[in-house]
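For reference, the chains in residue letters:
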Amino acid sequence: MDFNLKKLTSDAGVFFTRAVQFTEEKLGSAEKTELDAHLENLIARADCTKNWTEKIFRQTEVLLQPNPSARIEEFFYEKLDKKIPSRTTNGELLGQYMLDAAKDFGPGTPYGSTLITVGEYQSRLGGAEREFLQTSAINFLTPLRNFLEGDWRTISKERRLLENRRLDLDICKARVKKAKQAEAKAAAEQELRVAQTEFDRQAEVTRLLLEGISSTHVNHLRCLHEFVEAQATYYAQCHQYMQELQKELSRYPNSFASNANPSTSATCPSPVSSNILPGVSPPCLASTSTPGIAREPSGPLKIQDVQQPSTGHRKAKVLYDYDAHDTSELSLLADELITVYTVPGMDPDWLVGERGNQKGKVPVTYLELLS
């Protein structure tokens, strides 16, 4: 390696001279050439753009990847120019756990079959999240990063060069003022003209770069629209999946009810108390899964057998089609209006619905109650 001592000494001298000029300006003992108002405004606008772009970029990273360790890992992969390994989202992992649990509990059991349904939808939610993260990283994070690591670095380099040219110009101005002899003054004025030319040229280059911030704003505005569109698509998918999942789960309310409150057949216990009159059979006791609704000795539960007074008659709009599972339920068509009410002791997830002469139980999740 060639070692140019003369150039090194010259650079050190220039650096020292600039440092002296800068210090004297800060102390108010030396004059400073001010930039024109337009260029100052461009610099202030560029600094504002850089600061807020950096904050938005960092917070978007936190939003898309809350795990700090994962963000650091992705940062190193990017610096090493390697492909970031694909990660399983939390929703996909939860869905897989539910599917594996269903295998052990038994896919044919109510809990196992429900775990399969919920697990599949959790996996879909995780897949939608993965697609959202990938789209947002490409369409929003990448342009912001390119500005901070590309355009802004170029602007910063040219601004530092402009500051050095300004210091050189002010140093030459000070030399002209200090020159006493004609020959020395002429040499200083020649240096001043050269410094002024270099300063003006660098100011123009910096101005053109700073005016490009307007194009940066336009590009970031487009990226912002794409980010919002990706969010809207993601949340719409999540909403759709959750509606479908609720609809799927509401098809099996009796499985939950039968496990929570298993019904027993009617039995007639033997007399255990002398208070029972001779020749009078004790009453048969029946326990049903739906309090307030009597069950016949054989056959399905019938809503017509309700013995309790009804309360709270209201109109309701049907949100989805519903097929009755037995004669105690009422089939529904989306968007139709029916009258609903409840009876004392009835399962809160169900109401009694009436449509003309038809009457039966209907699930609350399929209805929008109207005032």
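Undergrad: Before we move on, can you summarise the overall build of the protein with the specific residues and values?
TA: In terms of regular secondary structure, the protein is built from 8 helices and 7 strands. A total of 371 residues make up the protein; the buried ones form 29% of that total. Partitioning the contacts of the protein with sequence separation of at least 6, the portion at a separation of at least 24 is 64%. Of the accessible surface of the protein, which amounts to about 24000 Å², a share of 56% is contributed by carbon and sulfur atoms.

Undergrad: For helix α7 (residues 213–249), give the residues involved together with the corresponding values.
TA: End to end, α7 covers 53 Å across 37 residues, agreeing with the expected 54 Å (1.5 Å per residue, within 8%). What α7 keeps buried is the set Ile213, Thr216, His220, Cys223, Phe227, Ala230, Gln231, Tyr234, Cys238, Tyr241 and Leu245. Taken together, the buried residues of α7 touch α2 (37–64), α5 (110–178) and α6 (182–211).

Undergrad: Tell me about the nonpolar core, and name the residues and values.
TA: Of all hydrophobic cores here, the largest spans 37 residues; its most connected members are Leu35, Leu39, Phe132, Leu162 and Leu210. Those elements that place two or more of their residues in this core are α2, α4 (90–105), α5, α6 and α7. By residue number, the principal contributor to this core is α5, which donates 16 residues. Setting aside its immediate chain neighbours within four residues, Leu39 contacts Leu162, Ala203, Arg207 and Leu210. Residues Ala316, Val318, Val340 and Trp350 belong to the second largest nonpolar core, which totals 16 residues.

Undergrad: Lay out the side chain of Gln21 in plain terms, naming residues and giving numbers.
TA: Residue placement: Gln21 occurs in helix α1 (residues 5–27). From its side chain, Gln21 meets the backbone oxygen of Glu31 in a polar contact 3.4 Å long. Once you skip the residues sitting within four places of it in the chain, Gln21 turns out to touch Ala30, Glu31, Leu167, Asp170 and Ile171.

Undergrad: For the packing of α4 against α5, give the residues involved together with the corresponding values.
TA: The geometry of α4 relative to α5 is characterised by a closest axis approach of 7 Å and an angle of 160 degrees between their N-to-C directions. By the angle class used here, α4 and α5 are roughly antiparallel. Viewed along their axes, α4 and α5 form a crossing whose handedness is left-handed. The residue inventory of the contact of α4 with α5, partitioned by class, reads 10 nonpolar, 9 polar and 4 charged.

Undergrad: Give a description of the pairing of strand β5 (residues 350–355) that names residues and reports values.
TA: Relative to β5, strand β4 (residues 337–342) runs antiparallel, the two being bridged by 3 bridges. Bridge pairing in β5 places Tyr341 opposite Val352. Here 6 bridges tie β5 to strand β6 (residues 358–363), and the two strands are oriented antiparallel to one another. The residue of β6 that forms the bridge with Val352 is Lys361. Connecting β5 to the next strand, β6, in antiparallel fashion are 2 residues, including Gly356 with a positive phi near 65 degrees.

Undergrad: If you had to explain the environment of Ile116 to someone new, which residues and values would you point to?
TA: Mapped onto the fold, Ile116 is located in helix α5. Spatially, the C-alpha atom of Ile116 lies 6.5 Å from that of Met98, the residues being 18 residues apart in sequence. Ignoring anything within four residues of it in the chain, the contact list for Ile116 reads Leu99, Ala102 and Pro107.

Undergrad: Give me the lowdown on the pattern of salt bridges, citing residues and values where you can.
TA: Applying the stated rule across the entire model yields 17 salt bridges. Salt-bridge contacts for Glu92 lead to Arg130; the nearest nitrogen and oxygen are separated by 2.5 Å. Residue Glu92 is found in helix α4, and its partner Arg130 is found in helix α5; the two are separated by 38 residues along the sequence. A relative accessible area of 18% means that Glu92 is categorised as buried. Note that Asp168 and Arg165 form a salt bridge whose closest N and O atoms lie 4.0 Å from each other. Note that Asp168 and Arg165 are positioned in helix α5 at a spacing of 3 residues, about one turn of the helix. What makes Asp168 buried here is its relative accessible area of 17%.

Undergrad: Give me the lowdown on the environment of Phe105, citing residues and values where you can.
TA: Note that Phe105 resides in helix α4. Taking the C-alpha atoms as reference points, Phe105 and Leu115, 10 residues apart in sequence, are found 9.4 Å from one another. Excluding its chain neighbours within four sequence positions, the residues that come into contact with Phe105 are Tyr111 and Leu115.

Undergrad: Mind laying out unusual backbone geometry, listing which residues take part and the relevant values?
TA: Look at Asp335: it is not a glycine, yet its phi comes out positive at around 80 degrees. For Asp335, the location among the structural elements is in the loop between β3 (311–318) and β4.

Undergrad: Outline the packing of aromatic side chains, listing residues and values.
TA: Using the criterion set out here, one finds 8 aromatic pairs in the structure. Note on Phe147 and Trp152: the rings are 6.3 Å apart at their centroids and 50 degrees apart in plane angle, and the pair reads as tilted. Since its relative accessible area comes to 2%, Phe147 is described here as buried. For Trp152, a relative accessible area of 10% gives the class buried. Put simply, the rings of Phe132, Phe140, Phe227, Tyr234 and Tyr235 pair up and form one aromatic cluster. Taking the ring centre of Tyr121 as reference, the NZ or CZ of Arg124 above it sits at 4.5 Å. Above the ring of Trp350, the side-chain terminus of Lys361 is found at 5.0 Å from the ring centroid.

Undergrad: Tell me about the confidence of the model for the protein, and please be specific about residues and values.
TA: Any residue range with low pLDDT should be treated as having predicted coordinates unsuitable for detailed reading. On average, residues of the protein score 81 in pLDDT, and 77% of them are at 70 or above. In the model, residues 254–308 has pLDDT below 50 throughout and makes 60 contacts with residues more than four positions away in sequence or in other chains.

Definitions and cut-offs
Residues numbered from 1 in each chain as written. Predicted model: local features only at pLDDT ≥ 70, side-chain atom pairs only at ≥ 80, totals over all residues. Heavy atoms only, no water. Helix = DSSP H or I, 4+ residues; strand = E, 2+ residues; numbered from the N terminus. Buried < 20%, exposed > 50% of the residue type's maximum accessible area, 1.4 Å probe, protein only. Contact = heavy atoms within 4.5 Å. Areas by Shrake-Rupley, 256 points an atom, 1.4 Å probe, with all protein chains shown as cover. Expected span 1.5 Å × (residues − 1). Core = buried A, V, L, I, M, F, W, Y, C linked by side-chain atoms within 4.5 Å. Polar contact = N/O pair within 3.5 Å; in protein donor to acceptor, adjacent residues only side chain to side chain. Axes fitted to C-alpha atoms, helices over the stretch in contact; angles between N-to-C directions. Parallel < 35°, antiparallel > 145°, perpendicular 65-115°, else oblique. Left-handed = near helix turned anticlockwise from the far one by under 90°. Nonpolar A, V, L, I, M, F, W, Y, C, P; charged D, E, K, R; others polar. Pairing = 2+ DSSP bridges. Salt bridge = Lys/Arg side-chain N within 4 Å of Asp/Glu carboxyl O. Phe/Tyr/Trp six-rings, centres within 6.5 Å; stacked < 30°, edge-to-face > 60°. Lys NZ or Arg CZ within 6 Å of the ring centre and 35° of its normal. pLDDT = per-residue confidence, 0-100.

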